Amino acid sequence: MSKPIIEARDLGIRFVRSRKRNLKLRDMIIHRGGRQPSADYFWPLRNVSFGIGQGEAVGVIGSNGTGKSTLLRLISGALVPDEGSVHCRGKVAPLLQLSAGFSGDLTGRENIYMVAGMHGMTRKQIRDKFDEIVAFSEIEKFIDTPVTHYSSGMKVRLGFSVVTQLGHPILLVDEALAVGDKRFRNKCYQKMESMLAEGRTLFLVSHNEGDLKRFCTRGLFLDAGKLEVDGTLDEALDAYNVVTGA
Amino acid sequence: MAVISRTLGKATGVGALWRNRQTLLTLVQRDLAVKYQRSVLGYFWSLIEPMGMAGIYYFVFGVLYNSGGKQVEGGAYPVFVVVGIFAWQWASSAMSESTRSLTSQASLITTMRVPREIFPVAKVVARFAEYAAGLPIIVVFALFYGASFSWTLLLLPVAILIQTALLVGISFILSSINVLMRDVDRFMRLAMRILFYAAPVVYPLSKVLNAESAPGWLKDLYMANPFVGIIQLHHSVWNSHELPGWPLFWYSTSISFALLFVGWALFRSLEARVLKEL
């Protein structure tokens, strides 16, 4: 039995509820320690443990504000947990906020090099994949136009094309599939399926039952920052429907 | 495998910074590309701006307040002011831009798994690239005014190394604290102006040390600024009269590297909180 590719142990993170933060320099440097009153904190996520094997497709379900996006940010490394740990044994391709990282003043071509480079691709790797990225995003005609003039759909298409070409084994997806027109969405679905067939691991956050059923076999149901169900997708969806009264 | 997961989980540290050098390089390229996009003169702006400033200070101190004597011993004032301004321009733009390096790139930082140190470091490196682009100008000035080309040229890489350490350390401190207290950014303009006159950028250090009207404690305070030794080192590359003594040299060096480590430690201890605030 190989080790899980994503492993969370007693994962928890807390945020400060009130705006009145304690900003004394002394406290910032030595802020560890339990002197602070706990009433000012809330835990968007706590005591969450799971292990995801390579090649699994996991859907995360939960009402708004139950910690789904926080969980994604913790896995992607963009947040540091206050309790427990989360480990990824492989690089993560984040399909979150797909147009993040584009500079409006630069052209599509320059932005492909910049965004792919920031995700760690070398210039040669990008050059090899360049045509594929452009072809998939269908913006051949505008590749030398500054991204400011792109429609939001074009930006998302370009972002999706770049991130899916990274070749990283773990895909984190946050509603990114809900964007783009129907035809491009279908193309993205096919791309996702082919990546899953290659043995990549998918971690999908969505409210869309159709998307979840299409890709995922396993479901995690989050409620009030707790992992309530970790089972098949149907089990997680049933629990979600009970809570939402559908 | 355990090593990989541990480092990826942490995503911080010197090794992580080195492994992500591709990302760092790309950030620097993007910074420069965005800055000079849609401008006709492009990279020349990184030369025009400090040259303009140097012209102003030459006019004020070299022409208006030139009371017959030489402003600088052992060299020409135009060389002195150009060297000082270029070195200072790197320092001040690196410090003020790195202050905003986390807040202005929040969407990137919250979606990517890279060591966060990369963002302030990239600002220091990008501004250094502009400084390096200006070095030929300094050489032209030195040739024109007949400055000596001697062993002191070897001090240039030393000065650059110490200045890099200091700037990176300061940028760690400023960028992380600015996320928690935006006051820092507001304060930077004033701070940069004060620091500009609080270092021997456009006037020689001897003027301060020989100023009889200045009380001793003020001179001590002045000498506490680690930029004093670094700027002196820059001047001394072309003018051996400006060589800093060993005490000043070691003082600036040790403060710079101490700030590098303190800044890094602060950055890492604030990291979790900073990420929540972005």
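Residues numbered from 1 in each chain as written. Chains lettered and ligands numbered in written order. Predicted model: local features only at pLDDT ≥ 70, side-chain atom pairs only at ≥ 80, totals over all residues. Heavy atoms only, no water.

Caption draft 1: Focus on the overall build of chain A. Each helix and strand in chain A was counted, giving eight helices and nine strands. Counted over contacts in chain A with a minimum sequence separation of 6, partners at least 24 positions apart contribute 74%. As displayed, chain A has an accessible area near 11600 Å², and 49% of this comes from carbon and sulfur atoms. (Helix = DSSP H or I, 4+ residues; strand = E, 2+ residues; numbered from the N terminus. Contact = heavy atoms within 4.5 Å. Areas by Shrake-Rupley, 256 points an atom, 1.4 Å probe, with all protein chains shown as cover.)

Caption draft 2: Structural view of the packing of helix 5 (residues 77-99) of chain B against helix 12 (residues 226-236) of chain B. Residues and elements named next belong to chain B. Where helix 5 contacts helix 12, the axes come no closer than 9 Å and their chain directions differ by 140°. The pairing of helix 5 with helix 12 is recorded here as oblique in orientation. For helix 5 against helix 12, the interelement crossing comes out right-handed. Only Phe227, Ile231, His234 and His235 of helix 12 make contact with helix 5, whose side of the interface consists of Phe80, Val83, Gly84, Ala87, Trp88, Ala91 and Met95. Across the contact of helix 5 with helix 12, the residue classes break down as eight nonpolar, three polar and no charged. (Axes fitted to C-alpha atoms, helices over the stretch in contact; angles between N-to-C directions. Parallel < 35°, antiparallel > 145°, perpendicular 65-115°, else oblique. Left-handed = near helix turned anticlockwise from the far one by under 90°. Nonpolar A, V, L, I, M, F, W, Y, C, P; charged D, E, K, R; others polar.)

Caption draft 3: Representation of empty space enclosed by the protein in the model. Residue and element names in this part refer to chain A. Tallied over the full model, the rule gives five cavities of 30 Å³ or more. Looking at the largest cavity, its volume works out to about 100 Å³. Surrounding the largest cavity, 14 residues form its lining, Leu98, Ala100, Val115, His119 and Val163 being those nearest its centre. Elements with a contribution of two residues or more to the lining of the largest cavity: helix 3 (108-118) and helix 5 (152-164). Tallied by class, residues from the lining of the largest cavity come to nine nonpolar, five polar and no charged. (1 Å grid on protein atoms, 1.4 Å probe; cavity = no way out; pocket = protein on both sides within 12 Å on 5 of 7 lines; lining within 4 Å. Points joined across faces, edges and corners; volume = space filled by probe spheres on them.)

Caption draft 4: A look at the pattern of salt bridges. Per the counting criterion, the structure on display carries 21 salt bridges over all chains. A salt bridge links Arg214(A) to Glu193(A); the shortest N-O distance between them is 3.1 Å. Residue Arg214(A) is found in helix 7 (residues 209-215), and its partner Glu193(A) is found in helix 6 (residues 182-197); the two are separated by 21 residues along the sequence. Classification of Glu193(A) by relative accessible area gives partly exposed; the value is 33%. Taken together, the shared-partner salt bridges in this structure form one network comprising Asp31(B), Lys35(B), Glu97(B), Lys123(B), Arg127(B) and Glu130(B). (Salt bridge = Lys/Arg side-chain N within 4 Å of Asp/Glu carboxyl O. Buried < 20%, exposed > 50% of the residue type's maximum accessible area, 1.4 Å probe, protein only.)

Caption draft 5: A look at the UniProt feature "transmembrane region" (unreviewed entry) in chain B. Mapped onto this numbering, the UniProt entry gives "transmembrane region" (unreviewed entry) at residues 40-60, 75-91, 128-147, 153-175, 187-205 and 248-267 of chain B. For residues 187-205 of chain B, the end-to-end C-alpha separation is 26 Å, with 63% helix and 0% strand making up the annotated structure. (UniProt positions renumbered as here; feature names shortened; annotations may be inferred.)

Caption draft 6: Layout of the nonpolar core. Ile6(A), Phe50(A), Ile75(A), Phe203(A), Met95(B), Val202(B) and Phe227(B) are the most contacted members of the largest nonpolar core, which totals 112 residues. Excluding its chain neighbours within four sequence positions, the residues that come into contact with Phe50(A) are Ile6(A), Glu7(A), Ala8(A), Leu71(A), Ile75(A), Phe203(A), Arg218(A), Leu220(A), Leu227(A) and Asp230(A). Judged by nonpolar contacts, the second largest core, of 47 residues, contains Ile61(A), Phe160(A), Leu171(A) and Leu202(A). (Core = buried A, V, L, I, M, F, W, Y, C linked by side-chain atoms within 4.5 Å.)

Caption draft 7: The sheet that holds strand 3 (residues 57-61) of chain A, seen in detail. Residue and element names in this part refer to chain A. Strand order in the open sheet formed by six strands is 5-6-7-3-8-9, and the pairing between neighbours is mixed. Among the strands making up the open sheet, the edge pair consists of strand 5 (92-95) and strand 9 (226-232). Pairwise comparison of adjacent strand axes, ignoring direction, gives a mean angle of 15° for this sheet. Bridging between strand 8 (residues 218-223) and strand 9 involves six bridges; their strand directions are antiparallel. Paired with Phe221 across the two strands is Val229, which belongs to strand 9. (Pairing = 2+ DSSP bridges.)

Caption draft 8: Examining the packing of aromatic side chains more closely. For the structure on display, the rule yields 27 aromatic pairs over all chains. Residues Tyr57(B) and Phe196(B) carry aromatic rings whose centres are separated by 5.2 Å and whose planes lie at 45° to one another, so their mutual orientation is tilted. Pair noted here: Tyr57(B) is in helix 4 (residues 45-64) and Phe196(B) is in helix 9 (residues 183-197), with a separation of 139 residues, a long-range link. Given the relative accessible area of 6%, Phe196(B) is considered buried. Taking 5.2 Å as the distance between ring centres and 45° as the angle between the ring planes, the aromatic pair formed by Phe172(B) and Phe267(B) counts as tilted. Taken as a pair, Phe172(B) in helix 8 (residues 155-180) and Phe267(B) in helix 13 (residues 246-277) lie far apart in primary sequence, 95 residues in all. Pair check on accessibility: Phe172(B) and Phe267(B) agree, each one buried. These aromatic residues form a ring-pair network of at least three members: Tyr57(B), Phe61(B), Trp88(B), Phe196(B), Tyr197(B) and Phe227(B). A cation over a ring is seen here: Lys187(A) above Phe136(A), with NZ or CZ 4.7 Å from the ring centre. (Phe/Tyr/Trp six-rings, centres within 6.5 Å; stacked < 30°, edge-to-face > 60°. Lys NZ or Arg CZ within 6 Å of the ring centre and 35° of its normal.)

Caption draft 9: Quick peek at the interface of chain B and chain A. If you look at the interface, chain B gives 34 residues, while chain A gives 45 residues. Our count for the chain B to chain A interface comes out at one salt bridge. Between Asp82(A) and Lys276(B) there is a salt bridge whose closest N-O contact spans 2.6 Å. The interface formed by chain B and chain A holds seven residue pairs in polar contact (both at pLDDT 80 or more) in total. Looking at the side of chain B that touches chain A, the elements with two or more residues in it are helix 1 (2-10), helix 3 (21-35), helix 6 (106-109), helix 8 and helix 13 of chain B. Taken together, the residues of the side of chain B that touches chain A sort by class into 17 nonpolar, 10 polar and seven charged. (Polar contact = N/O pair within 3.5 Å; in protein donor to acceptor, adjacent residues only side chain to side chain.)

Caption draft 10: The layout of surface pockets, seen in detail. Residue and element names in this part refer to chain B. There is about 740 Å³ of room inside the second largest pocket. Taken together, 27 residues line the second largest pocket, and the ones lying closest to its centre are Glu49, Gln89, Ser92, Ser93 and Ser96. Elements that contribute at least two residues to the lining of the second largest pocket include exactly helix 4, helix 5, helix 7 (118-144) and helix 9. Take the lining of the second largest pocket: its biggest share by element is eight residues, from helix 5. Counted by class, the lining of the second largest pocket contains 13 nonpolar, five polar and nine charged residues.

Caption draft 11: Examining the pairing of strand 7 (residues 201-205) of chain A more closely. Residue and element names in this part refer to chain A. Burial runs high along strand 7: five of the five residues are buried. Where strand 3 and strand 7 come together, four bridges link them in parallel fashion. Among the inter-strand pairings, Val60 is bridged to a residue of strand 7, identified as Val205. Bridge count between strand 6 (residues 170-174) and strand 7: five bridges; the pairing is parallel. Among the inter-strand pairings, Val173 is bridged to a residue of strand 7, identified as Leu204.

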